[in-house]
Amino acid sequence: MSKSGKTHIETLAVHAGHEPDPATGAVTPPIHLSTTFQRDIDGAYPRGFMYGRYDNPNRHMLEACLAELDRAEACAAFGSGQAATSAVLQALKPGDHVVAPLDVYFGTAKLLKEVLAPWGLQVSFTDLTDLDALKAAMRPNTRLIWAETPSNPLLKITDIAAVAEIAHAAGARLACDHTWATPVLSDVLGLGADIAVHATTKYLGGHSDVLGGAVSLKRADEFHERIRLIQGSMGGVPGPFDCWLLMRGIKTLALRVRAQSANAASIAEFLAGHPMVEAVHYPGLPDHPGHEIARRQMSMFGAMLSVQVKGGQAEAMAAVARSRLFTRATSLGGVESLIEHRKSNEAPDSATPDNLLRVSVGIEHADDLIADLDQALRG
Ligand SMILES: *Cc1c(COP(=O)(O)O)cnc(C)c1O
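Because the structure is a prediction, the values reported are computed rather than measured. Per chain, residues are indexed from 1 in the order of the written sequence. In keeping with the predicted nature of the model, local features appear solely for residues at pLDDT of at least 70, side-chain atom pairs appear and are counted solely at 80 or more, and the whole-chain, interface and lining totals rest on all residues. Remark: hydrogens and water are excluded; side-chain values derive from all non-hydrogen atoms of the structure.

Attention now goes to the sheet that holds strand β12 (residues 356-360). Here the rule is simple: two strands pair whenever DSSP picks up at least two bridges between them. Numbering goes from the N terminus for both helices and strands, where a helix is a DSSP run of H or I of at least four residues and a strand is a run of E of at least two. Strand order in the open sheet made by the five strands is β8-β9-β12-β11-β10, with mixed pairing throughout. Looking along the sheet, the strands with just one partner apiece sit at the ends: β8 (277-281) and β10 (327-328). In this structure, strand β11 (residues 338-341) lies alongside β12, joined through four bridges in antiparallel fashion. Across the sheet, the residue bridging to Glu 340 is Arg 358, located in β12.

With that out of the way, let us pick up the nonpolar core. A general feature of soluble globular proteins is that nonpolar side chains tend to end up buried together. Residues belong to a common nonpolar core when they are buried Ala, Val, Leu, Ile, Met, Phe, Trp, Tyr or Cys residues joined through side-chain atoms within 4.5 Å. Classification of residues uses two cut-offs on accessible area relative to the type maximum, computed with a 1.4 Å probe and protein chains only: under 20% is buried, over 50% is exposed, and between them is partly exposed. If you look at the biggest cluster of nonpolar residues, it comprises 60 residues, and the most contacted ones within it are Leu 69, Ile 267, Leu 271 and Leu 305. For this core, the element with the most residues is helix α11 (residues 253-272), which contributes seven residues. Of the domains in this structure, domain 1 (9-250) and domain 2 (254-378) are the two that each give at least three residues to this core. Two residues qualify as a contact provided that any one of their heavy atoms is within 4.5 Å of a heavy atom in the partner residue. Sequence-distant contacts of Ile 267, that is, excluding residues within four places in its chain, are made with Leu 305, Phe 326, Val 361, Leu 369, Ile 370 and Leu 373. Formed by 26 residues, the second largest nonpolar core is a distinct cluster that contains Val 98, Ala 100, Val 104 and Leu 121. Residue ranges labeled as domains rest on an automatic or database domain assignment.

Turning to the layout of surface pockets, a few remarks are in order. In this approach, a probe sized like a water molecule rolls over the atoms, and the result shows the empty space that is left. With a 1 Å grid laid over protein atoms only, a set of points is called a cavity when a 1.4 Å probe fits there but cannot get out and a pocket when it is open yet has protein on both sides within 12 Å along at least five of seven lines; lining residues have an atom within 4 Å of a point. Grid points are joined across faces, edges and corners, and a volume is the space filled by probe spheres set on the points. A volume near 610 Å³ is recorded for the largest pocket. Along the walls of the largest pocket sit 21 residues, with Leu 102, Val 104, Phe 106, Ser 350 and Ala 351 positioned nearest its centre. Per-element accounting of the lining of the largest pocket gives the leading share, five residues, to helix α4 (residues 106-119). Classes in brief: Ala, Val, Leu, Ile, Met, Phe, Trp, Tyr, Cys and Pro nonpolar; Asp, Glu, Lys and Arg charged; the others, Gly included, polar. Tallied by class, the residues present in the lining of the largest pocket amount to ten nonpolar, three polar and eight charged. Counting the residues that make up the lining of the largest pocket, at least three belong to each of domain 1 (9-250) and domain 2 (254-378).

Further remarks concern unusual backbone geometry. Across the junction of Thr 149 and Pro 150, the peptide omega takes the value -5°, indicating a cis bond. Within the secondary structure, Pro 150 sits in the loop between β4 (142-148) and α6 (160-169). Cis geometry marks the peptide bond from Asn 152 to Pro 153; its omega dihedral reads 0°. Phi at Leu 155 is positive, roughly 60°, even though this residue is not glycine. A relative accessible area of 1% means that Leu 155 is categorised as buried. A positive phi angle is found at Thr 182, which is not glycine, with a value near 65°. Here Thr 182 is to be found in helix α7 (residues 182-185).

The immediate surroundings of the ligand are formed by 14 residues, with Gly 81, Gln 82, Asp 177, Thr 201 and Lys 202 found nearest. We define a polar contact as two N or O atoms separated by no more than 3.5 Å, with the added condition that, inside protein, one atom must be a possible hydrogen donor and the other a possible acceptor, whereas residues neighbouring each other in sequence contribute only through side-chain atom pairs. In the environment of the ligand, an oxygen atom lies 3.3 Å from a nitrogen or oxygen atom belonging to the side chain of Trp 180. At a separation of 2.8 Å, an oxygen atom of the ligand approaches a polar side-chain atom of Lys 202. Computed with the Shrake-Rupley method and a 1.4 Å probe, the accessible areas treat only the protein chains shown as cover for residues. For the ligand, whose accessible area on its own is 390 Å², the fraction buried by protein is 91%. When its residues are assigned to classes, the shell around the ligand shows five nonpolar, six polar and three charged. We call a residue near a molecule or strand whenever a single non-hydrogen atom of that residue lies within 4 Å of it.

In this section: the side chain of Glu 148. Take Glu 148: it is sitting in strand β4. One buried charged residue, Glu 148, remains without a salt bridge, the closest side chain of opposite sign being Arg 358 at 7.7 Å. At 2.8 Å, the side chain of Glu 148 forms a polar contact with the backbone nitrogen of Tyr 105. If near-sequence neighbours (up to four positions away) are discounted, Glu 148 is found in contact with Pro 101, Asp 103, Val 104, Tyr 105, Thr 158 and Asp 177. Working convention for charge: Lys and Arg count positive, Asp and Glu count negative, and His plus the chain ends are omitted. We count a salt bridge whenever a side-chain nitrogen from Lys or Arg sits within 4 Å of a carboxyl oxygen from Asp or Glu.

Have a look at this one:
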């Protein structure tokens, strides 16, 4: 019986890709550090493994697990989120056109502008929450729309089903950076995306101790063949211990993401009524512009939020300095709450407001997090 299909994500997170070790019966898989694998006397590789760059038992388990979580036909794992993103973009050809959101993850914007545009990829940035603007940005040679929802740092929501329709009508694929919503909150391939990309560094790992990336493909078609070619020949693959840590983290993925999202919802509601707060950006708030779409395509509203404090950069930084439970650090998705003055971590020309703090909500008790934010904001 297939473990995917109707099986719930909590069950998949524990079982998909996991089998007790056939050699020893070990319930937790061993870490296979070997870079090379023995051939049979007839020259064959009967266990399917040949050389560590092409495949490794730990990576194999991770890819099988992620494919099931994403309800995908195939998944390829990489050494970072950016290596996964690069693989998808390099599977295109020089001269192909890509449409990406204006507020795409700044690392992806940098990759597109400074690495892939000089290589020959044509790139347009547009507001993907405005479907007319997206339609106007499409060209005859558009081969890929890159979406990211919720977006960074304003938590804008892109309508995946509507964008998929526009992509497919133009003969293009839709790739969605699924790092923030995760397979727990949204089934992007089911909504119409062709490719889900993850920075597994974030929620999938969940403990801020491993970098990784993955590309899940709805169909194991010729685009998947290109991704495999790039994975094996460019070699941006994850190490066995990284894969093992990810498999360990994924077992609690659903529990963590739900707890974190519930905490974030409580915090967003609290901040929305706080006298020192100018604005809260969280798709779970009814007045958020993407609220209705988020309700349709997500089961909860996620664990990321941004808050604009009254005043400017100095007031925002002072509040961060007073926080005791939110660690001052970039990144997201770990069990510990993080807070970041976002603009000073982005490029100098960033459009992020001076008074904006980005918060990654962890699994601590919501009341403790709220009390800490309250004292930090009041000063
Ligand atoms: C962190 C992140 C990435 C990049 O992942 P790395 O593992 O740091 O390379 C890409 N997209 C989003 C949305 C992210 O949050």
